[in-house]
Amino acid sequence: MTAPHHALNAPVSLPDDSLAAAGQELAEAAWIDVIQRMDEVYSELVASQETLETKHRELAEAHHFTEGVLAAMTDVLVVCDTVGKVRQVNRAMLQLTGHAESELVGRELAELVEDSQARSQIATLLAAGRSDVQDVEIALPRQQGEPVPVTWNVSPLYDGEGRYSGFVAVGRPIGELKRAYAQLQAAHQALKSAQAQLVQAEKMASLGRLVAGVAHELNNPISFVLGNAHAMQRYAGKLTRYLNAIHAHDLSAENQALRIELKIDRLIADLPSLSAGLMEGAERSGHIVDALKRFSAVEENTRQRVDLADLTQRALHWVSRAAPFRVEVINTGLDAPAWVCGSANQLQQVLVNLIQNAFDAIEKTMKPRLELSITRQAQSVELQLHDNGSGISEEALPLIFDPFFTTKPIGKGTGLGLSISYGIVERHGGMLSAANLPQGGACFTLSLPAFKD
Ligand SMILES: Nc1ncnc2c1ncn2[C@@H]1O[C@H](COP(=O)(O)OP(=O)(O)OP(=O)(O)O)[C@@H](O)[C@H]1O
Ligand SMILES: [Mg+2]
């Protein structure tokens, strides 16, 4: 462009025609030059436009890719600025918390958690600033449901120029894991206690066999001690009468001396209490052997006539004797016999367990009370036990008759009491059920077939 411009201004002397022609030529050349330049600029523009479009496409793809990766992450992601304000969250975070993105972005991270402990953990995270933090457990509250425990790994975030611009927190919900772990723990505990209980049950069975053997061995000698003691008591009475009759007459000096030497008068005076003591001891030994036989379940007859009222009183007596606290007991209908059909030994076991359970339940009650009432119907006899303990929880209610189900500490309860009792009552053709009372406390109902001759 400069050259023709310079040529136009140069003082050249030419004829008019040729001057005009030369000017036209120069103008054309200038135009061609201009057009060529425009062409060049245009194609440069087109090329830049294409490059821009390619870059834009690449950028959009990269953006989609990042978005896709974030959306596909099952771990939750929260990006915060330097003061802990949420800048971005991923889909997993929205799904887990049940919040919309707009409800989370722009809020302080500390506002998203509930308890003060979690807030102070977040404050520590913010204070940690540019260092990585790993495996911090902070629960995230949800729109609906319980907060979810999440373990977080936090890393600092730097911008393109290497300046610290916040942090990225990636969290993994561990609720399922925790639940599974808790279930595993519970199963392990149950297995351990079942094992201990089986060992205990086996011990009890061996003890039962041992006791049955001892009871069997003792049975014979005790019965003849008892039989002979009866005979001795009778003989002692007769001998006393005879001696008293002789002593009514004068004895020879020799016999009188012997009477004094052998302290016969004192012996005669002692005889009644001696024989009574002998009888009592023999009878008590007999009762002990009976109890041992009952314990080892030698007696298996389930068709006896049994007084449920008497059995209940006896069970109550034994349980309350062993209890270290006083219980107000209200009895209704226990003063007259209530005849049922069954095994006294097995029913005793049921009653002791029911009463013992009630005592365990009211141990910590301010004014422990137990109501026992018997109602007699044509075909059955029903015993109800109401206590004023804490009652049975809704979760436990369907489980209490399961073997090994117990809420008592290891060593206190085996969880076999109600399951054995249930089995016994069922074999007797009766029913055993449990419920909670509206005023609090548990209510057990035992129903057994009435005895008919
Ligand atoms: N009167 C009651 N009040 C509240 N809970 C009770 C009552 N009776 C039974 N239960 C519940 O039922 C559970 C099972 O009772 P069960 O008699 O079978 O076993 P246990 O008493 O725990 O142990 P064991 O009888 O072998 O010593 C108890 O652990 C307790 O949680
Ligand atoms: Mg029990």
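Residues numbered from 1 in each chain as written. Chains lettered and ligands numbered in written order. Predicted model: local features only at pLDDT ≥ 70, side-chain atom pairs only at ≥ 80, totals over all residues. Heavy atoms only, no water.

In the annotation of an unreviewed UniProt entry, the protein chain is listed under the name histidine kinase and assigned to Aquitalea magnusonii.

(A) Region of the structure containing the UniProt feature "domain: PAC" (unreviewed entry) in the protein chain. Mapped onto this numbering, the UniProt entry annotates "domain: PAC" (unreviewed entry) at residues 134-186. Between the end C-alpha atoms of residues 134-186 the distance is 29 Å, and the span holds 23% helix and 53% strand. (UniProt positions renumbered as here; feature names shortened; annotations may be inferred. Helix = DSSP H or I, 4+ residues; strand = E, 2+ residues; numbered from the N terminus.)

(B) Broad picture of the sheet that holds strand 9 (residues 369-376). Reading across from one edge, 7-9-10-12-11 is the order of the 5 strands in this open sheet, with mixed pairing throughout. A strand with exactly one partner marks an edge of an open sheet, and here the two such strands are strand 7 (328-332) and strand 11 (431-436). Sheet twist, expressed as the mean angle between neighbouring strand axes with direction ignored, is 15°. Pairing of strand 7 with strand 9 involves 5 bridges; the strand directions are parallel. When the sheet's bridge partners are listed, threonine 332 is paired in strand 9 with serine 373. Packing of helix 10 (residues 344-362) onto the sheet brings it into contact with strand 9, strand 10 (380-387), strand 11 and strand 12 (442-449), and relative to strand 10 it is tilted by some 20°. (Pairing = 2+ DSSP bridges. Axes fitted to C-alpha atoms, helices over the stretch in contact; angles between N-to-C directions. Contact = heavy atoms within 4.5 Å.)

(C) Quick peek at the coordination of the magnesium ion (ligand 2). Coordination of the magnesium ion (ligand 2) by the protein is provided by Asn353 (OD1) and Asn357 (OD1), with metal-donor distances spanning 2.2 to 2.5 Å. Of this pair, asparagine 353 and asparagine 357 are both found in helix 10, 4 residues apart, which corresponds to roughly one turn of the helix. With respect to class, asparagine 353 is no different from asparagine 357; both count as buried. (Donors = N, O, S within 2.8 Å, 3.2 Å for Na, K, Ca; no water. Buried < 20%, exposed > 50% of the residue type's maximum accessible area, 1.4 Å probe, protein only.)

(D) The packing of helix 10 against helix 11 (residues 417-427), seen in detail. The contact between helix 10 and helix 11 brings their axes to 9 Å, and the two run at 140°. Regarding the angle of helix 10 to helix 11, the classification is oblique. Here helix 10 runs over helix 11; the crossing is left-handed. Where helix 10 approaches helix 11, its residues Gln346, Gln349, Val350, Asn353, Leu354 and Asn357 are matched on the opposing element by Gly417, Leu418, Ile420, Ser421, Ile424, Val425 and Arg427. A class-by-class count of the residues in the contact of helix 10 with helix 11 yields 6 nonpolar, 6 polar and 1 charged. (Parallel < 35°, antiparallel > 145°, perpendicular 65-115°, else oblique. Left-handed = near helix turned anticlockwise from the far one by under 90°. Nonpolar A, V, L, I, M, F, W, Y, C, P; charged D, E, K, R; others polar.)

(E) Here's a closer look at the pattern of salt bridges. One pass over the full model with this rule turns up 12 salt bridges. A salt bridge links lysine 178 to glutamate 137; the shortest N-O distance between them is 2.9 Å. Of this pair, lysine 178 sits in helix 6 (residues 175-247) while glutamate 137 is found in strand 3 (residues 133-140), placing the two residues 41 residues apart along the sequence. Close ionic contact of arginine 369 with glutamate 371 constitutes a salt bridge, the shortest N to O distance being 3.6 Å. Several salt bridges converge on common partners, so that one network encompasses Asp159, Glu161 and Arg163. (Salt bridge = Lys/Arg side-chain N within 4 Å of Asp/Glu carboxyl O.)

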